[in-house]
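# Overview (structure and organization)
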Amino acid sequence: MQQQTHHCIWEEKMKSKIARLAAAALMTAGAAGLASAQDYPYRDITTAVVWGAGGGTDTINRMIMAEMEKHLPVSINVINQTGGVAGSNGMVYVMNQPDDGYTLVGLSESNVTAAVQGGWDKKFDYWYPFIVGGSPDLISVPADSPYNSLEELVDAAKAAPGTIPAAASGAGSIHHLNLLAIEKGSGAEFKFVPYKGSAPGQEAAIAGEVALVVTSLAEQAPLIEGGQLRPLAMLTPENAEIAGMTVPSAFGIYDGLDQYLPLKQAIGFAVHNSASDDVKAKLAEAFQKAMASQAVADWAAANNYDIGGQYGPEAQKLFSTLESTFAYTLQDLGATTVDPASLGIEKP
């Protein structure tokens, strides 16, 4: 009987010990789960660029993500999700991913026109953006083009309206808006041919598929220096120096341009605005450190980019202004399918 009593006591002690160990294991697992939920990022991040590989938005995102990786414990993989209206396919793709900060969208100022062109039904404040910078636009022709000046090109377009093919990235991009502004300010009418990004548009110009291309100086510089493209005019009030030549400002050629230009780039990336404060803070910390690096400064100088650095509310305010300006500029130029006011976009 005594032996049986001792056995019962031993059994109860063992059960108690096992219960304590199980409880401790559960607490440890719970704490680990809580830590992993808070310790962003603990797995690789993907950035989906809405424009094509090799273009300005793609290039700038690959550069800044490589720098940000140095200040994060994970890798950032950059992919391209192109197509749609004004880059809407890529934005919709990221919108449909969880807002946990593991899928970012690589975008530009051109994406603010997606809504007024029917690409999606949201204002741009859906995003929490980070702006790396931008480069001024210019109009160029193939090296063997018969047009030696912007005036010659415009006169030819006036003589045969809608027949001279022009590339300017996708419909609603800043490059397309700048082409529309050139038309409005000079009285010319070109035949707009959309491409999935700046790089394909530039390649089309070199191949002779189009007679001119409107993209940024950063994107065109290697092609100009290599003798494949010939610049005719900057679409900013200032001249520019490139490949030993001065590219004149279109503003000095056509007085009406200052009603529509300049429209400048704001290239970077964004996370869902609904992402947690911790996610936004971790991204902001890595972004600030990357932007302050000598590597980014050297890259910007070598590639004809102006540095930005705005993020969060400051960048949202800037994009809100761009959205308003672009939306109503497009509407004035007859290039919208949705009334900006119906989306809650206020006039500039």
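These lines cover the structure that appears in this document, whether it is placed above or below. Since we're looking at a predicted model, the values are computed, not measured.

### Focus on the pattern of salt bridges
Side-chain pairing between opposite charges can occur once the charged atoms of the two side chains come close. Across all of its chains, the model carries 6 salt bridges by this definition. One salt bridge connects Asp 100 with Arg 43, and the closest N-O pair in it is separated by 3.3 Å. Of the two residues, Asp 100 is situated in the loop between helix H3 (88-95) and strand S3 (103-107) and Arg 43 in the loop between helix H1 (2-38) and strand S1 (45-49); the sequence distance between them amounts to 57 residues. Measuring nitrogen to oxygen at the nearest pair gives 3.0 Å for the salt bridge that ties Arg 62 to Asp 58. With Arg 62 and Asp 58 both in helix H2 (residues 56-69) and 4 residues apart, the pair spans about one turn of that helix. Relative accessible area serves as the criterion here: at 4%, Asp 58 is assigned to the buried category.

### Digging into the pairing of S3
Of all the 5 residues making up S3, 5 are buried; the element is thus mostly covered by neighbouring parts of the structure. Where S1 meets S3, 4 bridges bridge the pair, whose relative direction is parallel. Within S3, the position partnered with Ala 48 by the bridge is Val 105.

### Considering the packing of aromatic side chains
Applying the stated criterion to the full structure yields 13 aromatic pairs. Note on Tyr 126 and Trp 127: the rings are 4.9 Å apart at their centroids and 85° apart in plane angle, and the pair reads as edge-to-face. Each ring, one from Phe 287 and one from Tyr 311, has its centre 6.2 Å from the other, and the planes form 80°; the classification is edge-to-face. Remark: Tyr 311 occurs in the loop between strand S13 (306-307) and helix H10 (313-332) and Phe 287 occurs in helix H8 (residues 277-291); sequence separation between them is 24 residues. What makes Phe 287 buried here is its relative accessible area of 1%. The partly exposed category is assigned to Tyr 311, whose relative accessible area is 25%. Geometry around Tyr 102 places Arg 43 over its ring, the cationic atom sitting 3.9 Å from the centre.

### As for the environment of Ser 169
Within the secondary structure layout, Ser 169 lies in the loop between strand S6 (165-167) and helix H5 (174-186). It is 8.7 Å that separates the C-alpha atoms of Ser 169 and Gln 202, two residues lying 33 residues apart in sequence.

### So, the nonpolar core
Among the nonpolar cores identified, the biggest contains 33 residues, and Ile 64 and Met 68 are the most heavily contacted of them. Of all the secondary-structure elements, those providing two or more residues to this core are S1, H2, strand S2 (76-80), strand S4 (127-134), strand S12 (267-272), H8 and helix H9 (294-302). Broken down by element, the residue count for this core peaks at 7 residues, all from H8. Membership of the second largest hydrophobic core comes to 32 residues, among which are Ala 86, Val 105, Trp 127 and Leu 177.

### Some points on the sheet that holds S12
Read across the open sheet, the 6 strands follow the order S2-S1-S3-S12-S4-S13; overall the sheet is mixed. The sheet terminates laterally at S2 and S13, the two strands that pair on one side only. When S1 meets S2, the two strands line up parallel, connected through 5 bridges. Across the sheet, Thr 46 pairs through a bridge with Asn 77, a residue of S2.

### Section: the environment of Thr 57
One can find Thr 57 in helix H2. Among the residues examined, Thr 57 registers a relative accessible area of 6% and is labelled buried. Taking the C-alpha atoms as reference, Thr 57 lies 9.9 Å from Val 132; in sequence the two are 75 residues apart. Excluding anything up to four places from it in sequence, Thr 57 contacts Val 49, Trp 51, Gly 106, Leu 107, Ser 108 and Ile 267.

### Some thoughts on the side chain of His 175
Locating His 175 in the fold gives a position in helix H5. Of the polar contacts made by the side chain of His 175, one reaches the side chain of Asp 137; its length is 2.7 Å. Of the polar contacts made by the side chain of His 175, one reaches the side chain of Ser 198; its length is 3.3 Å. Ignoring any residue separated from it by four or fewer positions in sequence, one finds His 175 in contact with Asp 137, Ala 168, Ser 169, Ser 198, Val 214, Thr 215, Ser 216, Glu 219 and Gln 265.

### Side note on the sheet that holds S6
Here we have 5 strands laid out as an open sheet, ordered S7-S6-S8-S5-S9, and mixed in their pairing. Strands with a single pairing partner mark the edges of an open sheet, and in this sheet they are strand S7 (191-193) and strand S9 (229-234). Each strand of the sheet is rotated relative to its neighbour by a mean of 30°, with strand direction disregarded. Inspection of the sheet shows strand S5 (residues 137-142) paired to S9 by 5 bridges, in the antiparallel sense. Across the sheet, Val 141 pairs through a bridge with Arg 230, a residue of S9. Running at roughly 125° to strand S8 (residues 212-216), helix H7 (residues 217-225) makes contact with S5, S8 and S9 of the sheet.

Reading the values: the criteria
- Residues numbered from 1 in each chain as written.
- Predicted model: local features only at pLDDT ≥ 70, side-chain atom pairs only at ≥ 80, totals over all residues.
- Heavy atoms only, no water.
- Salt bridge = Lys/Arg side-chain N within 4 Å of Asp/Glu carboxyl O.
- Helix = DSSP H or I, 4+ residues; strand = E, 2+ residues; numbered from the N terminus.
- Buried < 20%, exposed > 50% of the residue type's maximum accessible area, 1.4 Å probe, protein only.
- Pairing = 2+ DSSP bridges.
- Phe/Tyr/Trp six-rings, centres within 6.5 Å; stacked < 30°, edge-to-face > 60°.
- Lys NZ or Arg CZ within 6 Å of the ring centre and 35° of its normal.
- Core = buried A, V, L, I, M, F, W, Y, C linked by side-chain atoms within 4.5 Å.
- Contact = heavy atoms within 4.5 Å.
- Polar contact = N/O pair within 3.5 Å; in protein donor to acceptor, adjacent residues only side chain to side chain.
- Axes fitted to C-alpha atoms, helices over the stretch in contact; angles between N-to-C directions.

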